[in-house]
Every structure is written in C-alpha cells, then in structure tokens.
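Observations on the model geometry
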Amino acid sequence: MKILFKNIKELLQVRNEPIKFVSGKDMSILPTIKHAFLVAENGLILDFGTMDDCPSASFDAIIDCTGKMVMPTWCDSHTHLVYAGNREGEFVDRINGLTYEEIANNGGGILNSAKVLQETSEEELYNQSKVRLEEIIKLGTGAVEIKSGYGLSVAAELKMLSVIKRLKENYPIEIKATLLGAHAVPKEFKDDKNAYVDLVINELIPKVAEENLAEYIDVFCETGYFSVEDTTRILQAGKQYGLIPKIHVNQFTAVGGVQVGVEQHALSVDHLEEMREEDIKVLKDTNTMPVALPGCSYFLSIPYTPARKMIDAGLPLALATDYNPGSAPSGNMNFVVSTACVKMKMTPEEAINAATINGAYAMGLHDKLGSITKGKLANMIITKPINSFGVIPYSFGQSHVESVFVKGRPLFT
Ligand SMILES: N=CN[C@@H](CCC(=O)O)C(=O)O
Ligand SMILES: [Zn+2]
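Per chain, residue numbering runs from 1 following the sequence as it is written. Chain labels run from A onward and ligand labels from 1 onward, assigned in the order the entries are written. For a predicted model such as this one, the threshold for reporting local features is a pLDDT of at least 70, and the threshold for listing and counting side-chain atom pairs is 80 or more; totals across whole chains, interfaces and linings nevertheless cover every residue. Computation of side-chain values covers all heavy atoms of the structure but excludes hydrogens and water.

Considering the state of the cysteines
A pair of cysteine sulfur atoms is labelled a disulfide when the two atoms are within 2.5 Å. In this structure the tally under the stated criterion is 0 disulfides. With no disulfide of its own, cysteine 54 has cysteine 65 as its nearest cysteine by sulfur position, at a separation of 11 Å. Take cysteine 54: its relative accessible area is 23%, and that puts it in the partly exposed class. When accessible area is computed with a 1.4 Å probe and restricted to protein chains, residues below 20% of their type maximum are described as buried, those above 50% as exposed, and intermediate ones as partly exposed.

Topic: the coordination of the zinc ion (ligand 2)
The coordination sphere of the zinc ion (ligand 2) contains the protein donors His78 (NE2), His80 (NE2), His248 (NE2) and Asp322 (OD), at a distance range of 2.0 to 2.4 Å. With water excluded from the atoms, a metal site may look incomplete; its donors are any N, O or S atoms within 2.8 Å, or within 3.2 Å for Na, K and Ca. The sequence motif formed by the donor residues of the zinc ion (ligand 2) is H-x1-H-x167-H-x73-D.

With respect to the nonpolar core
Here, the term nonpolar core denotes a set of buried Ala, Val, Leu, Ile, Met, Phe, Trp, Tyr and Cys residues that are joined through side-chain atoms within 4.5 Å. Ranked by internal contacts, the top residues of the largest apolar core, which has 117 residues, are Leu133, Leu167 and Met346. Counting only domains with at least three residues in this core, you end up with domain 1 (2-72 + 371-411) and domain 2 (75-361). If sequence neighbours within four positions are ignored, methionine 346 has contacts with Met27, Ala307, Arg308, Ile311, Leu317, Leu319, Ala340, Cys341, Ala351 and Ala354. The domain limits used here are those given by an automatic or database domain assignment. In this description, contact between two residues means that some pair of their heavy atoms is separated by no more than 4.5 Å.

Examining the UniProt feature "binding site: N-formimidoyl-L-glutamate" (unreviewed entry) in the protein
UniProt positions are given in the numbering used here, feature names are shortened, and annotations may be inferred rather than shown by experiment. When the UniProt feature table is mapped onto this chain numbering, "binding site: N-formimidoyl-L-glutamate" (unreviewed entry) sits at Tyr150, Asn324 and Gly326. Taken along the chain, the residues just named run across 177 residues; in space they keep tight, none of their C-alpha pairs more than 11.1 Å apart. Secondary structure counts use DSSP, requiring at least four H or I residues in a row for a helix and at least two E residues in a row for a strand, with both numbered from the N terminus. The residue tyrosine 150 is located in the loop between β7 (141-147) and α5 (154-170) in this model. For tyrosine 150, a relative accessible area of 2% corresponds to the buried category. With respect to the helices and strands, the residue asparagine 324 is situated in the loop between β13 (318-319) and α12 (333-344).

Thoughts on the domain arrangement of the protein
Taken domain by domain, the protein consists of domain 1 (2-72 + 371-411) and domain 2 (75-361). Distance from the C-alpha centre of domain 1 to the C-alpha centre of domain 2: 29 Å. Contact with domain 1, which involves 32 residues of that partner, is made by 31 residues of domain 2. The three residues of domain 1 that bury the most area against domain 2 are Phe21, Met27 and Pro393, which together make up 25% of that side's buried surface. We count a salt bridge whenever a side-chain nitrogen from Lys or Arg sits within 4 Å of a carboxyl oxygen from Asp or Glu. Applying the counting rule to domain 1 against domain 2 returns 1 salt bridge. The shortest N-O distance in the salt bridge between glutamate 174 and lysine 407 comes to 3.3 Å. Polar contacts, as counted here, are pairs of nitrogen or oxygen atoms within 3.5 Å of one another; within protein the pair requires one atom able to donate a hydrogen and one able to accept it, and residues that are adjacent in sequence qualify only if both atoms are side-chain atoms. Our count for the domain 1 to domain 2 interface comes out at 13 residue pairs in polar contact (both at pLDDT 80 or more). Contributing elements (two or more residues each) for the side of domain 1 that touches domain 2: β5 (68-72), α15 (391-394) and β15 (401-406). Throughout this entry, Asp, Glu, Lys and Arg are counted as charged residues, while Ala, Val, Leu, Ile, Met, Phe, Trp, Tyr, Cys and Pro are counted as nonpolar. The remaining residues, Gly among them, count as polar. Across the side of domain 1 that touches domain 2, the residue classes tally to 18 nonpolar, 9 polar and 5 charged. Summed over both partners, the accessible area (1.4 Å probe) lost when two parts come together is defined as the buried area.

In structure tokens, the structure reads:
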C-alpha cells in the first residue's frame with residue numbers, strides 16, 4: 001500500500017536525522033516544510049519534501065491536503081486509561097471543598113477505583129477501556145503508555161495488564177504496559193505497608209515478568225504512599241526482571257523521588273508539580289525524561305510543573321495526559337498541549353516537541369515514532385484547514401484533528 005499526501009500546507013516536526021529527544025533551547029525549534037508532500041509505504045514514511053519534488057509514480061491512494069497540516073501523532077507517555085467506573089462523586093466532593101488528600105484519607109481516591117475494578121469482570125473492564133482508547137486515537141494519539149495500579153492485588157493487577165495486552169492485540173497504535181502495583185497501600189495492608197511492598201516484589205513482579213505483561217515498572221513515590229526506600233526496593237526488584245523504571249514523583253511533596261529515578265536510571269520521572277532547585281539539577285545531562293501532566297494540575301487545581309525553569313535550565317520535557325478517573329479524566333493531548341502553553345508558558349514549538357518526540361522517548365519509541373523521519377511509522381495527524389500550527393494550542397478545547405493515519409492507514413476518518 002503506497003499513499004501520497006500532497007499539497008500539505010505545512011509538514012511539522014520534520015527530522016531528517018533520527019534524534020532521541022530535544023532539550024533546553026532546542027525545544028523551541030520545530031522544523032517544518034511548507035507546501036510539502038509525503039509518501040507512506042507499507043506503514044512507514046518512505047519519502048517527503050517540497051511539492052516541487054513531488055513524485056509522479058503511481059500510488060494506491062492520493063490524499064489532497066490543501067490548507068491542512070500533517071504532523072506525527074501525539075505520543076502520550078503516561079496514562080491509566082484502563083479503569084472501571086468513574087469518580088464523579090469525588091469530583092463533586094472536591095467542588096464542595098474536600099481536598100484530594102482528604103478524599104483519599106477517607107478511603108476514596110485510588111482505593112475507591114481499586115474496589116470497583118476488583119468487582120468488575122475482565123470483559124467489562126476491556127469494554128470500558130476500549131472506548132477511551134478509541135476516543136484518544138480520534139483525538140490524534142498514535143502511541144500510548146497504560147499503567148496498572150487500580151488492582152492492588154495480584155489477581156486484579158494481572159486482570160488490568162491482561163486488558164492492556166488485549167488492547168495491544170486489537171488496536172494498531174503502539175501501546176506500552178507499565179506495572180504500577182505500588183500505586184497505593186491496599187486497605188488490608190494499611191497497618192503493614194512493608195508486607196504489601198514484599199508482595200509486590202516477591203509475587204507480583206515475578207508473575208508479571210513470567211507472563212510478559214509489562215515493559216515498565218512504576219511506583220507512586222509520595223508522602224503517605226511509598227517512600228524513597230520503598231521505591232528503590234521495588235525498582236531494583238523490577239529491574240532484575242527486565243522491567244524499566246518510569247515513576248510518579250513530586251506530585252504533592254518533593255521527598256527525593258527525582259533523585260531515586262535518576263539513580264535507578266528511570267526512563268522518565270513524571271508529575272513534577274513540586275520541584276526544588278536540586279531536583280532540576282539532578283536531571284541535567286541524564287537520560288531520564290521529565291514528564292509534565294498539566295491535565296492533572298488543571299483538574300486538581302495544584303501547581304503546574306515549572307516548565308520554563310526546567311527548559312531554561314537546559315532540560316528536556318515531555319507532556320502527557322495522565323488519563324485516569326481521579327486526577328485527570330481526559331486523554332485529550334490537544335488540551336494538554338494548549339494548557340502547557342497557557343499555564344506553563346511553553347511556546348507552541350516547545351509543547352509540540354514535548355508531546356511528540358519527547359513523549360516517544362519516554363515510552364522507548366523514539367526510533368519508531370515522534371517525528372516525520374524516513375523509516376519511522378506513518379502515524380500521522382491530518383489537521384482541518386488551519387492558518388498555522390499555533391492555532392492548535394491557541395483555540396483550546398477544540399480538536400483540529402481531521403483524520404488520523406496509523407501505520408499508513410486511515411482510522412476513524
Ligand atoms: N498520582 C498518582 N496516580 C494518578 C492518580 C490516581 C487517582 O487519583 O486515581 C496520577 O498520576 O495522578
Ligand atoms: Zn499517573
């Protein structure tokens with residue numbers, strides 16, 4: 001199958017040479033080609049350039065993109081989109097004055113989602129989750145990481161990971177699975193957290209590795225959840241089974257989680273709403289990608305990740321949705337990119353880099369996705385007719401995605 005996309009108003013995120021990620025000042029550069037063509041063959045990007053060099057060979061399909069932009073699909077490197085039910089009641093409780101912490105301390109929050117998930121069949125969980133997956137693909141996401149962590153028992157964590165596996169088998173976008181057994185301390189272990197950490201290390205990790213259900217290991221390293229010591233133990237155990245760390249740190253308190261991430265060679269450290277100078281410094285010149293989740297800051301009314309400080313210090317930054325029922329019930333990367341510009345003072349170029357190539361890196365997918373580069377997967381967004389790419393973050397709350405191509409094929413057009 002060979003497709004020609006012609007008369008593209010502007011082809012975004014063009015990288016002739018493959019790159020891992022962009023940091024610091026380089027984040028403000030978004031290479032583009034105006035009045036461009038692109039050829040996709042057998043699911044890969046075969047060629048691109050200006051219309052002056054547009055090939056005249058025969059194609060299976062020709063798509064006229066007059067007035068429209070073409071860009072790589074969004075790479076959403078942090079979600080919890082496999083969950084059961086929702087937490088609308090807690091949303092109203094927060095509107096009426098309770099805090100996220102108070103709700104969690106009263107047995108709500110993650111434990112609430114765990115209870116519902118444990119009572120939901122795998123089939124039903126799959127059916128609820130696939131709706132969310134289809135919804136984000138329509139919004140332009142072409143690669144997504146999905147975590148477990150609402151099971152909090154060996155059986156229920158395996159149920160979540162099996163659902164993720166089934167989504168991988170049934171949908172063409174790239175899906176990466178993360179084991180987040182240490183997301184909260186289950187009720188039964190409330191007086192003996194160490195026993196739960198032992199269970200994660202001695203039973204859950206080996207079982208997940210044996211069944212090959214996850215690529216990454218995550219921990220919610222936070223006051224009242226898992227300490228830096230717990231986090232180190234769990235990450236080390238995961239690494240022995242080949243699981244790569246990607247961790248939740250500095251959401252509410254800065255307790256040294258970023259340092260643990262760097263020490264353990266985490267692929268990413270995510271959230272980072274509370275950042276001290278030393279947290280920024282320790283990330284410098286490492287291979288650990290900081291990931292901001294502005295949808296969570298928006299929904300919980302907590303501080304935003306200090307993107308300006310971090311980028312100005314020379315760091316890279318990725319953006320993700322954190323799609324989950326409690327702190328970010330939206331998987332809309334268009335909204336995330338817009339919020340990053342409005343609230344975190346990222347420029348459109350920085351935000352698009354953060355949501356494409358840097359997000360791909362945070363999922364170990366930068367050699368396949370995240371830029372328009374020959375040989376990468378032809379996962380692309382065709383926008384509606386727009387004046388400039390700045391309109392994507394500017395007109396918040398709208399989707400400018402007209403159609404989405406995954407491995408060179410149109411989905412949900
Ligand atoms: N912070 C930890 N985990 C999720 C939220 C969990 C929940 O409230 O259900 C997050 O990334 O925001
Ligand atoms: Zn999360």
